[in-house]
Amino acid sequence: GQNIDQPTEMTATEGAIVQINCTYQTSGFNGLFWYQQHAGEAPTFLSYNVLDGLEEKGRFSSFLSRSKGYSYLLLKELQMKDSASYLCAVTRSNDYKLSFGAGTTVTVRA
Amino acid sequence: DTAVSQTPKYLVTQMGNDKSIKCEQNLGHDTMYWYKQDSKKFLKIMFSYNNKELIINETVPNRFSPKSPDKAHLNLHINSLELGDSAVYFCASSQEFPGQGYEQYFGPGTRLTVT
């Protein structure tokens, strides 16, 4: 099986930075995805990491350490519209599916 | 243009009934999925089809039967609905499998309520 852990909730102030951590234990690891899901809506793709390091995409960055089984999603210059659930998901080389963590609900306050 | 669409968006029905949810994607993708998201927001894979062929059946009760008439459509039929089936069901598609680095595109979801 795969164990994927991420915090349940985080709260931050508009304009601030928030880091959402995700740890995983899986054999045959072959990539980690981050998705954003606003309440009542569908998940949407944010980032994909397969090699160690930082991937930057505008205000959002994602980091991966394969040896530590660890990733984080960094949200900078937080805006109210960033209030959402952020889902960490892993995939394996011998598998055809994504396994999702339970998601982290981020609340941005004015 | 809607990429992945599902119908209906809301479905309220009684225990024991049979219902279907339809999904269509216009992205030209070869792979389609059904996910269930429960009240705790946990998103769990149910089925995956590649080129109309079943690839993943994630130990879902056989009351759930997916059907893919062509690559652009993946429908979900549920027999003898139970209270525990109440959830949001998401259809998704991707060009290839996530293990190859391909992102998934999700439909808007179908909120099923069984009373």
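To be clear, the structure that these remarks concern was listed above.
Keep in mind that this is a model prediction, so the values were computed, not measured.

Definitions and limits used
Chains are numbered independently. Their residues run from 1 in the order of the written sequence. The naming scheme follows written order: chains are lettered A onward, ligands numbered 1 onward. Reporting of local features is limited, given that this is a predicted model, to residues whose pLDDT is at least 70; pairs of side-chain atoms are given and counted only at 80 or more, and all residues count toward the totals for whole chains, interfaces and linings. By convention in this description, side-chain values take in all heavy atoms of the structure and omit both hydrogens and water. Disulfides are defined as cysteine sulfur pairs within 2.5 Å. Each helix corresponds to a stretch of at least 4 residues labelled H or I by DSSP, and each strand to a stretch of at least 2 residues labelled E; elements are numbered beginning at the N terminus. To sort residues, take the accessible area from a 1.4 Å probe on protein chains only and compare it with the maximum for the residue type: under 20% means buried, over 50% means exposed, and anything in between is partly exposed. A pair of strands counts as paired when DSSP detects no fewer than two bridges linking them. Think of each axis as a best-fit line through the C-alpha atoms, taken over the contacting stretch in the case of a helix, with angles from 0 to 180 degrees between the N-to-C directions. In this analysis, two residues are considered to be in contact whenever any of their non-hydrogen atoms come within 4.5 Å of each other. By definition, the buried area sums, over both parts, the 1.4 Å-probe accessible area that each loses when the two are put together. A side-chain nitrogen of Lys or Arg and a carboxyl oxygen of Asp or Glu constitute a salt bridge if their distance falls within 4 Å.

(A) Geometry of the state of the cysteines. Following the criterion strictly, the structure yields 2 disulfides over all chains and no others. C22 of chain A shares a disulfide with C88 of chain A; S-S distance 2.0 Å. Here the disulfide of C22 of chain A and C88 of chain A is left-handed, its torsion about the S-S bond being about -70 degrees. Of this pair, C22 of chain A sits in strand β3 (residues 18-25) while C88 of chain A sits in strand β9 (residues 84-92), placing them 66 residues apart in sequence. Pair check on accessibility: C22 of chain A and C88 of chain A agree, each one buried. The disulfide bridge from C23 of chain B ends at C91 of chain B, spanning 1.8 Å between sulfur atoms. With the S-S dihedral at roughly -75 degrees, the linkage between C23 of chain B and C91 of chain B falls on the left-handed side. Of this pair, C23 of chain B sits in strand β3 (residues 19-25) while C91 of chain B sits in strand β9 (residues 87-94), and the two are 68 residues apart along the sequence.

(B) Region of the structure containing the sheet that holds β3 of chain A. Residues and elements named next belong to chain A. Across the sheet, which stays open at both edges, the 5 strands sit in the order β1-β3-β8-β7-β6 with antiparallel pairing between neighbours. Both outer strands of the open sheet, β1 (3-5) and β6 (53-57), are each paired with one neighbouring strand and no more. Shown here is a sheet whose adjacent strand axes are inclined to one another by a mean of 15 degrees, direction ignored. Both β1 and β3 contribute to a ladder of 3 bridges, which runs antiparallel. Looking at the pairing, I4 lines up with Y24 of β3.

(C) Region of interest: the interface of chain A and chain B. In this assembly, 19 residues from chain A lie in contact with 22 residues from chain B. Where chain A abuts chain B, roughly 1,700 Å² becomes buried across the two surfaces, and 61% of that area is made up of carbon and sulfur atoms. Area buried by chain A at its contact with chain B is led by Y96, K97 and F100 of chain A, which between them contribute 34% of it. Linking chain A to chain B there are 1 salt bridge. A salt bridge links E58 of chain B to K97 of chain A; the shortest N-O distance between them is 2.5 Å.

(D) Inspection of the sheet that holds strand β1 (residues 4-7) of chain B at higher detail. All names here are of chain B. Strand order across the open sheet formed by 4 strands is β1-β3-β8-β7, with antiparallel pairing between neighbours. With partners counted over all chains shown, the strands left at the sheet margins are β1 and β7 (64-70), one partner each. Taking the axes of each pair of neighbouring strands and ignoring which way they run, one obtains an average angle of 20 degrees across the sheet. As paired strands, β3 and strand β8 (residues 73-78) are joined by 4 bridges and run antiparallel to one another. Pairing of S20 across the sheet is with H77, part of β8.

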